[in-house]
Amino acid sequence: QASGDPQRIAFLLRKQWSLYSVTPLYRFCEARLRDYGRQLGAFIAAERQKGLAVEVGVELDVKVAVSCLPDLKGSEQDQAALLLQLSTRSPTSKKNSEDKVVWLGWFCCVAGDDLSENLPEDFTCLPLFLVHGAERYTAIVGGWFQKTFDCYFRRLTISPLSLSWMAAMWAGCKEDKATSAMELLFSVPCLPQPLDISYAIHAEDAKALWDTVQKTPGEITQEEVDVFMDCLYSHFHRHFKIYLSATKLVKVSTAIASAHSDGFVKFFQSQYLTGVLMLLTELAISQIQ
Amino acid sequence: MDETVAEYIRRTVLKIPRDEIKTMLQKWGFLSEAQLQNINFHQIKENISQEVVQLCEENCADIKQAAVLDIIYNHIHQNKRMWSVYQMNKKGEETEIFDLTDFKKKIKRQLRTALKNVTINFREYEDNAIWIRVAWGTPYTKPNQYKTSYAVYHSQTPYVFISASVFRSNLPLLCQALVVATSYQDIREMELRGHSLNSLKDIVFRRYSQNFQTHCPRPLQERNVAPENADLRIIRENKMEKEKIERVNWEVFGHGPQPKLEFAQYKLETIFRSDPKMHILDKKEPFRCVVKFSSPDLLESLKSLAPAGMADAPLSPLLTCITHKARNYFKIRDKKDLLPGGFTSP
């Protein structure tokens, strides 16, 4: 499913995004975006006066831009994605020099019917929040949203179960050019000396394996995901006599995207962006409910 | 004193942890005891380094003396660098007596003939280790003292430990110089890399505790007696199994501490074979993957897997062979006769 003009969303690719789940926003109005931008800008300036968002030795004005990303949604019911951009301009630089973007955050909802269907009128459903930039700005923006729309942010963690779904789904994606491997990262922290195991499978071979496992194209069942992972585990055990199933899957990385259990994601291909967002939206909604 | 030398000394001193500065300067021996007494080692490092530079100015330090301080620092903090192991081969049986002066002369000559701008320093240590520091330049620029290569040669062995620098293109030059200076035939890089120089030495010099044929397992029973007596109603269900795992582990890993490695990497090109009931992927082509194990202390970590219930005991020979094969990079293919479970590692 295409995500609109790839150029417009290219800036979302290849950045590491921290994930949050967000409870529905109360009395959010899409028509008032510019107002919100101004209010948030004022709020940030006030926080900086209090000394809360200042880089050592640097006094820069922070500009806030709020906009919509209408292409990033699953169905018509979904609320269009909301993008926030914080930028600064050095006071010493020339008038027409470019602003430097220091922080990006966007809310989105892709196929979030489970949540949006049952919401009362005044609530807007944008359960997934992605952030790239300094933590101090995240705290301030989050604080403003919580205050203004009575919502609640929580870091979104991704379970090993969800990660294995991602591995199976992404392994099966068709790729034209030579692609990177599918890499699974396992962690065994509770040993006297912690151990990390990286298991990277050639993209073609991973896809070939998934194609043998998947019964119906376009559909994935939990059983198929389990068989896929068991195959990978047993191939590993055959060589090393180690049970990967006893360790913790913490990261999955493919040519499409990468996801880490601590709630970090990176998108590599615009054509699969909405697909991944749909999965993440589902996880966010689960965490909220 | 040259500006660049002053700056280099200043930066080198800044790198040193504050409580080590005095000892290192003493080891260096370039500043007199009297001069050292005058330095206030309790002030911030910025100021200490300024004072040291000042004194070096008085003593007219040049780059060669500054380089020695760098060697001393790197010798003490050797584990900060990544080391690769190289092995040299000799054709005949002639064992020549090692002449240090001759060795140093030949290294210098080899490197200087190829590259005019190099700084070369040597320092010998008690364990027959010769540390060689090389700062590389180009035909048109002076040597960059901040991008150095280190080679540690043990004269009684065919092994050299080299810390790769940014200028990897100079590596063949360094290797060639070592071969010529030691009268060996050739040199090859082993598939063994790590941060702990001593552990790499332990592995190639076979200094770790071996698993010998006479396995006399330490009696587990002795260890468990005390707590067992506490309450007879408490039974350890799988005591026998646990003891067996521990014993097998010891047989495979030996009793002593393991050499310290940070990673092991396996490039697997074996056929994928699953449970025949599953009918999965009966391909004749290899299932290509790369497995990398990482840990602050890899071998100890692997050793603890079976007792933790995460692996079978004995652990796979692919992992337990690391020390006696002296390698942590492997390429694994199926044995030609396709015996199940048999692998070859070229």
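The written sequence of each chain sets the order in which its residues are numbered from 1. Both sets of labels track the order of writing: A upward for chains, 1 upward for ligands. Residues qualify for local features only when their pLDDT is at least 70, as the model is predicted, and side-chain atom pairs are given and counted only at 80 or more; totals for whole chains, interfaces and linings, by contrast, use all residues. Side-chain measures here rest on the full set of heavy atoms in the structure, leaving out hydrogens and waters.

The name given to chain B in an unreviewed UniProt entry is CENPN protein, with the source organism recorded as Oreotrochilus melanogaster. UniProt positions are given in the numbering used here, feature names are shortened, and annotations may be inferred rather than shown by experiment. UniProt's Sequence similarities (unreviewed entry) comment on chain B is quoted here verbatim: "Belongs to the CENP-N/CHL4 family."

Under an unreviewed UniProt entry, the name given to chain A is Centromere protein L, and the organism recorded is Oreotrochilus melanogaster. Among the UniProt annotations of chain A, the heading Sequence similarities (unreviewed entry) holds the following wording: "Belongs to the CENP-L/IML3 family."

## Remarks on the overall build of chain B
Helix and strand content of chain B: 13 helices and 10 strands. Whether a residue is buried, partly exposed or exposed follows from its accessible area with a 1.4 Å probe, protein chains only, as a fraction of its type maximum: under 20%, in between, or over 50%, in that order. Classification of the 346 residues of chain B by burial places 46% in the buried group. By definition, residues are in contact when any of their heavy atoms lie within 4.5 Å. Relative to all contacts within chain B whose residues are 6 or more apart in sequence, the contacts with residues 24 or more apart total 67%. Carbon and sulfur atoms make up 52% of the accessible area of chain B, which totals about 18,600 Å². Strands here are runs of E lasting at least two residues and helices are runs of H or I lasting at least four, both read from the DSSP assignment and numbered beginning at the N terminus. Here the accessible surface of atoms and residues is derived via Shrake-Rupley with a 1.4 Å probe, and residues count as covered only by protein chains that are part of the display.

## Looking at the overall build of chain A
When helices and strands are tallied, chain A shows seven helices and 13 strands. Atoms counted for the radius of gyration: C-alpha only. Globule rule: 2.2 Å times the number of residues to the power 0.38. Here the C-alpha radius of gyration of chain A, 21 Å, is about what a compact globule of 289 residues would show, namely 19 Å. Its C-alpha atoms give chain A principal-axis dimensions of about 60 × 45 × 35 Å. Counting the 289 residues in chain A, one finds 48% classified as buried. For chain A, the share of sequence-separated contacts (at least 6 apart) that also reach a separation of at least 24 residues comes to 68%. With an accessible surface of roughly 13,800 Å², chain A has 51% of that area assigned to carbon and sulfur atoms. Of the charged side chains in chain A, 28 are positive and 33 negative; the average position of the first set lies 9 Å away from that of the second. Counted as positive: Lys and Arg. Counted as negative: Asp and Glu. His and the chain ends are not counted at all. To locate a charge, take NZ of a lysine, CZ of an arginine, CG of an aspartate or CD of a glutamate.

## Points about the domain arrangement of chain A
Accessible area lost when the parts come together is the quantity often used to give the size of an interface. Note that the domain bounds reflect an automated or database-derived domain assignment. The assigned domain composition of chain A is domain 1 (6-155) and domain 2 (160-261). Taken over C-alpha atoms, the centre of domain 1 of chain A sits 33 Å from the centre of domain 2 of chain A.

## Let's talk about the pattern of salt bridges
Salt bridges are counted wherever a side-chain nitrogen of Lys or Arg sits within 4 Å of a carboxyl oxygen of Asp or Glu. Counting across every chain of the model gives 19 salt bridges over all chains. As a salt-bridge pair, lysine 207 of chain A and aspartate 211 of chain A come within 3.0 Å of each other at their nearest N and O atoms. With lysine 207 of chain A and aspartate 211 of chain A both in helix α5 (residues 203-213) and four residues apart, this pair spans about one turn of that helix. The partner of lysine 201 of chain B in a salt bridge is aspartate 127 of chain B, and the shortest N-O contact between them spans 3.6 Å. With a gap of 74 residues between them, lysine 201 of chain B in helix α8 (residues 197-204) and aspartate 127 of chain B in the loop between β2 (118-124) and β3 (129-136) connect regions that are remote in the sequence.

## Topic: the domain arrangement of chain B
Residues and elements named next belong to chain B. When cut into domains, chain B gives domain 1 (3-77), domain 2 (83-205) and domain 3 (242-333). Taken over C-alpha atoms, the centre of domain 2 sits 32 Å from the centre of domain 3. Taken together, the contact between domain 2 and domain 3 spans 12 residues of the former and 10 residues of the latter. Each of two parts loses accessible area, computed with a 1.4 Å probe, when they are put together; buried area is these two losses added. The largest per-residue losses of area from domain 2 upon contact with domain 3 belong to Glu191, Arg193 and Ile203, which jointly make up 56% of the total buried on that side. Our count for the domain 2 to domain 3 interface comes out at zero salt bridges. Between N or O atoms, a polar contact is any pair within 3.5 Å; within protein, one atom must be a potential hydrogen donor and the other a potential acceptor, and residues adjacent in sequence are included only when both atoms are from side chains. Joining domain 2 to domain 3, the criterion identifies six residue pairs in polar contact (both at pLDDT 80 or more). Here the nonpolar group is Ala, Val, Leu, Ile, Met, Phe, Trp, Tyr, Cys and Pro; Asp, Glu, Lys and Arg are the charged ones; every other residue, Gly included, is treated as polar. Grouping the constituent residues of the side of domain 2 that touches domain 3 by class yields five nonpolar, four polar and three charged.

## Observations regarding the confidence of the model for chain B
As a note on interpretation, predicted positions should not be read in detail where pLDDT is low. All names here are of chain B. Residue-level confidence of the predictor, termed pLDDT, takes values from 0 up to 100. Chain-level statistics for chain B give a pLDDT mean of 85 and a share of 86% at 70 or above. No element of chain B has a lower mean pLDDT than helix α9 (residues 220-228), which averages 46, and none a higher one than strand β5 (residues 159-163), which averages 95. With pLDDT under 50 throughout, residues 212-226 is counted as low confidence; its partners more than four residues away or in other chains account for 12 contacts.

## Quick notes on the interface of chain A and chain B
In this complex, chain A contributes 33 residues to the contact, which on the side of chain B involves 40 residues. Together, the buried faces of chain A and chain B total about 3,100 Å²; carbon and sulfur atoms form 64% of this surface. Considering only the side of chain A, the residues that lose the most area to chain B are Arg238, His239 and Phe240 of chain A, jointly responsible for 21% of the buried surface there. Of the charged contacts, one joins aspartate 205 of chain A and arginine 288 of chain B as a salt bridge, the two residues approaching to 2.9 Å between their closest N and O atoms. Applying the counting rule to chain A against chain B returns 15 residue pairs in polar contact (both at pLDDT 80 or more). Of all the secondary structure elements, the ones that give two or more residues to the side of chain A that touches chain B are β10 (195-201), α5 and α6 (222-240) of chain A. The element that contributes the greatest number of residues to the side of chain A that touches chain B is α6 of chain A, accounting for nine residues. The residue inventory of the side of chain A that touches chain B, partitioned by class, reads 20 nonpolar, eight polar and five charged. A pair of strands is considered paired only if DSSP assigns at least 2 bridges between the two. Both β10 of chain A and strand β8 (residues 286-294) of chain B contribute to a ladder of six bridges, which runs antiparallel. For serine 198 of chain A, the partnering residue across the bridge sits in β8 of chain B and is lysine 292 of chain B.

## So, the nonpolar core
Grouped together as the largest cluster of nonpolar side chains are 127 residues, with contacts concentrated most on Tyr199 and Phe267 of chain A together with Tyr266 and Phe293 of chain B. No other element matches the eight residues that α6 of chain A contributes to this core. Joining through side-chain atoms within 4.5 Å is the link that ties buried Ala, Val, Leu, Ile, Met, Phe, Trp, Tyr and Cys residues into a set, and such a set is a nonpolar core. Counting residues in each nonpolar core, the second largest holds 32 residues, with Leu82, Trp103, Cys109 and Val141 of chain A among its members.

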